[in-house]
Amino acid sequence: MSIMALTPPPIPRDGPLLRVDRLRQWFSSGGFMSPRLTVRAVEDVTFEIGRGEILGLVGESGSGKSTLGRAVLRVTDLTDGRVVFDGQDVSTLSKRQLRPLRARMQMIFQDPFASLNPRMTVGQIVGAPLRIQNPGISRSEVEARVGDALRTVGLADSHAERYPHEFSGGQRQRIGIARAFVLAPDFLVADEPVSALDVSIQAQVVNLLMEIKRKLDLTILFISHDLAVVGHVCDRVAVMYLGRIVEIADTRTLFRNPRHPYTEALFSAVPVADPSRRRQRILLKGDLPSPLAPPSGCAFRTRCRYAIPACAEAVPPLAHIGGGHQKACIRDDLALQPAC
Amino acid sequence: MSSATVAAAVLPNRRLAGTSPRSRAWGRFKRHRLAMFGSGVILVLVFAVIFGPMILPFDPLHIDLRHRFAPPPGNGHLFGTDQLGRDLLVRLLMAGRISLTIGFMAMVVSTLIGTSVGVTAGYYGGLVGTVLMRIVDAVLCFPSVFLLLALAAFIKPSILTITLIIAATGWMEVARVVQAQIKALRHRDFILAAEMLGASGRYVMTRELLPNAAGPIIVAATLTVARAILAEAYVSFLGYGIQAPTASWGNMLNNAQQYLNSAPWLAIFPGLMITLAVTSFNFIGDGLRDALDARMDLT
Ligand SMILES: Nc1ncnc2c1ncn2[C@@H]1O[C@H](COP(=O)(O)OP(=O)(O)OP(=O)(O)O)[C@@H](O)[C@H]1O
Ligand code: SF4
Ligand SMILES: [Mg+2]
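Residues numbered from 1 in each chain as written. Chains lettered and ligands numbered in written order. Predicted model: local features only at pLDDT ≥ 70, side-chain atom pairs only at ≥ 80, totals over all residues. Heavy atoms only, no water.

The name given to chain B in an unreviewed UniProt entry is ABC transporter permease, with the source organism recorded as Lichenifustis flavocetrariae. Under the UniProt heading Sequence similarities (unreviewed entry), the entry covering chain B gives this text: "Belongs to the binding-protein-dependent transport system permease family." Under the UniProt heading Subcellular location (unreviewed entry), the entry covering chain B gives this text: "Cell membrane". (UniProt positions renumbered as here; feature names shortened; annotations may be inferred.)

Written as structure tokens, this is what we have:
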């Protein structure tokens, strides 16, 4: 039995698989005695992911990528806004109501060491989704499907009896991928799936992900700060800054014709192999402002080299500029450097 | 992601074939001399206490006034006799049955209570966690000897009630240790992964979290046995615990007070037994702490 056989026949439906509408995810701390602080980790985010599409999500550390990924999977209770999964509004569903949907949405984690329970064998880890989702499942079926999943990710059946500590980082990440795919989901959030791995094995793991994506016709939200990987695998890319999406476009358009100064700055930070085409490096001045007290108006204005006084007045809306390209910058007169 | 984990991630496959966390822990425990010594002592004690009274030719309750205060080793009484001429060794072993039973049972009860409270507080956190841990703190603030005696003064002493009283004053340490461990693991990605699958709170607590707290729980439980044996001795010594003619190490000590000058062995032997049992359990606890050190397995 291959992993293909586990895939339910695709139900032809219209519209995007995932629709996110003015999503807010705030975290409050303090309270009773201390002043209440609110981190606006995700603020007013709207986007869609089409069926079978890979949407990249890039941005500096702390920009809210992981929080957004977790929010769309409803790991957290949303502060505001809507998440619509395959036509169903999941924004306010309870844990219990979400349970059957969980089989269709999965996650791959960044840290292959923290994401596997050290006290469970690989077989128990990869089998857990099957047992949790179908409590009556037989032992032999779990074993068979775990074996399939392990072979699909390039491991052997016999690895099921081992513990995570016996594996290398790359192998652990394969185990995490097997766990995510054993239920044959439709949607996957891959939160920096290779950034903790050695460069030499990153490509293998990305290729494995893409292979499984094609087999299962998956839709993926691919979080990464590696623009080279994003440019390679993603159909579209969203750029996030301080909790907001500031630009979104199909990959080729975004790389060739970035329209937001932050996107340009991100691209310029990537080293170019060919010295004859060396770009001017645009250094981002200072640190990411605190999400506790974001700047007024355009949140990027404290570091933007094109900022004008008007930028402080209102938050620029994420506006369509044609061809599915959207940007949140009030200046249309800029000639920005492309990535390639 | 720390640089250490990054480094570990890129190491070539460190394959330690077939080494479960358990077998590696046993390897570490074996190297701990005092813990191995303690385990040996406890093993011998348990066997002696179970089989000794069957083998020895004396009845622990048989009064023999002609052979009162026989100093050891005399007349076949290896450890001497007491003020009623009863064989001290057989009485020590019978008392050991009571004291060790109370020690183990109190450990089981306090570990169950402490683990439940600790896991619940650590998993839910927030208000539930705060309230539970405040209760733990409040009970801890109360001097446990005082609590022990206050309870013992009101409740008719029997093996069961003494066990429960000792357990009631001994679960807080376990609760603290477990809560700290669960809280540290609560936000690990593997817990998120289980929640992402729609796992219930009970599943996450019992299947995912609890096995990772097994080490600290076992260590705390071992130390709790030592504490419970000492608590039983204390209460019985003060006369609120196990009542004559049933012997426990504590009430044997109580009884020996009057004869400290004339028959010191009556105090020395029960005292030695208590010390031996308590220190052995403490050694085992130390050994287990090193062997089961969570950091060694949790990368
Ligand atoms: N549970 C939480 N409670 C409070 N603040 C949080 C929580 N989770 C995230 N944050 C805050 O939200 C902001 C966004 O964090 P997030 O982890 O989503 O960023 P990220 O883009 O994934 O960064 P990285 O690239 O480092 O993974 C940060 O300021 C972070 O401190
Ligand atoms: S709105 Fe102003 S500050 Fe913001 S990115 Fe555009 S030019 Fe820069
Ligand atoms: Mg992140």
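Per the secondary structure count, chain B includes 13 helices and zero strands. When the elements of chain B are put in sequence order from the N terminus, they spell out α-α-α-α-α-α-α-α-α-α-α-α-α. Evaluated residue by residue, chain B yields a buried proportion of 49% over its 299 residues. Of the contacts made within chain B by residues no fewer than 6 positions apart, 71% connect residues no fewer than 24 positions apart. Just so you have it, chain B exposes about 14500 Å², and 68% of that area is on carbon and sulfur atoms. (Helix = DSSP H or I, 4+ residues; strand = E, 2+ residues; numbered from the N terminus. Buried < 20%, exposed > 50% of the residue type's maximum accessible area, 1.4 Å probe, protein only. Contact = heavy atoms within 4.5 Å. Areas by Shrake-Rupley, 256 points an atom, 1.4 Å probe, with all protein chains shown as cover.)

It is worth spelling out the site of ligand 2 at this point. Close to ligand 2 lie 13 residues, the nearest being C298, R301, C304, C311 and C329 of chain A. Looking at the shell around ligand 2, its residues break down into ten nonpolar, one polar and two charged. (Near = heavy atom within 4 Å. Nonpolar A, V, L, I, M, F, W, Y, C, P; charged D, E, K, R; others polar.)

Here we come to the layout of surface pockets. Considered as a void within the structure, the largest pocket measures approximately 750 Å³ in volume. Lining the largest pocket are 25 residues, with V75, T76 and K95 of chain A together with L192 and E195 of chain B sitting closest to its centre. The element that contributes the greatest number of residues to the lining of the largest pocket is helix 3 (residues 95-102) of chain A, accounting for five residues. The residue inventory of the lining of the largest pocket, partitioned by class, reads eight nonpolar, seven polar and ten charged. (1 Å grid on protein atoms, 1.4 Å probe; cavity = no way out; pocket = protein on both sides within 12 Å on 5 of 7 lines; lining within 4 Å. Points joined across faces, edges and corners; volume = space filled by probe spheres on them.)

This next bit is on the nonpolar core. Among the nonpolar cores identified, the biggest contains 88 residues, and V126, I177, L188 and F222 of chain A are the most heavily contacted of them. Ranked by the residues each element gives to this core, the list is headed by helix 7 (residues 199-216) of chain A, at eight residues. Among residues more than four places away in sequence, those in contact with V126 of chain A are V146, A149, L150, I175, A178, R179 and V182 of chain A. L89, L100, V225 and A247 of chain B belong to the second-largest nonpolar core, a separate cluster that totals 39 residues. (Core = buried A, V, L, I, M, F, W, Y, C linked by side-chain atoms within 4.5 Å.)

For the rest of this paragraph, the subject is the sheet that holds strand 1 (residues 18-29) of chain A. All names here are of chain A. As summarised here, the arrangement of the four strands in space is 2-1-4-5, forming an open sheet in which the pairing is antiparallel. Each having just a single partner strand, strand 2 (37-49) and strand 5 (88-89) make up the two edges of the open sheet. Helix 2 (residues 65-72) contacts strand 1, strand 2 and strand 4 (80-85) of the sheet and is inclined by roughly 115 degrees relative to strand 1. (Pairing = 2+ DSSP bridges. Axes fitted to C-alpha atoms, helices over the stretch in contact; angles between N-to-C directions.)

What follows covers the site of ligand 1. Residues and elements named next belong to chain A. The environment of ligand 1 is formed by 13 residues, the closest being S61, G62, K65, S66 and T67. One nitrogen or oxygen atom from the side chain of S61 is found 2.4 Å from an oxygen atom belonging to ligand 1. Between an oxygen atom of ligand 1 and a side-chain N or O atom of T67, the distance comes to 2.5 Å. Protein coverage of the free-state accessible area of ligand 1, which is 630 Å², stands at 61%. If you list the elements that add at least two residues to the shell around ligand 1, you get strand 2 and helix 2. (Polar contact = N/O pair within 3.5 Å; in protein donor to acceptor, adjacent residues only side chain to side chain.)

Here we come to the packing of aromatic side chains. Scanning all chains against the criterion turns up ten aromatic pairs over all chains. Geometrically, the ring pair formed by W26 of chain B and F29 of chain B is stacked, given 5.9 Å between the ring centres and 25 degrees between the ring planes. Linking W26 of chain B with F29 of chain B, this pair stays in helix 2 (residues 21-30), spanning three residues, or about one helical turn. The class for W26 of chain B is partly exposed, based on a relative accessible area of 46%. Ring pairs connect the aromatic residues Y241, Y262 and F300 of chain A, which therefore count as one cluster. When the ring centre of W26 of chain A is taken as origin, the NZ or CZ atom of R40 of chain A, which lies over that ring, is 4.2 Å away. (Phe/Tyr/Trp six-rings, centres within 6.5 Å; stacked < 30°, edge-to-face > 60°. Lys NZ or Arg CZ within 6 Å of the ring centre and 35° of its normal.)

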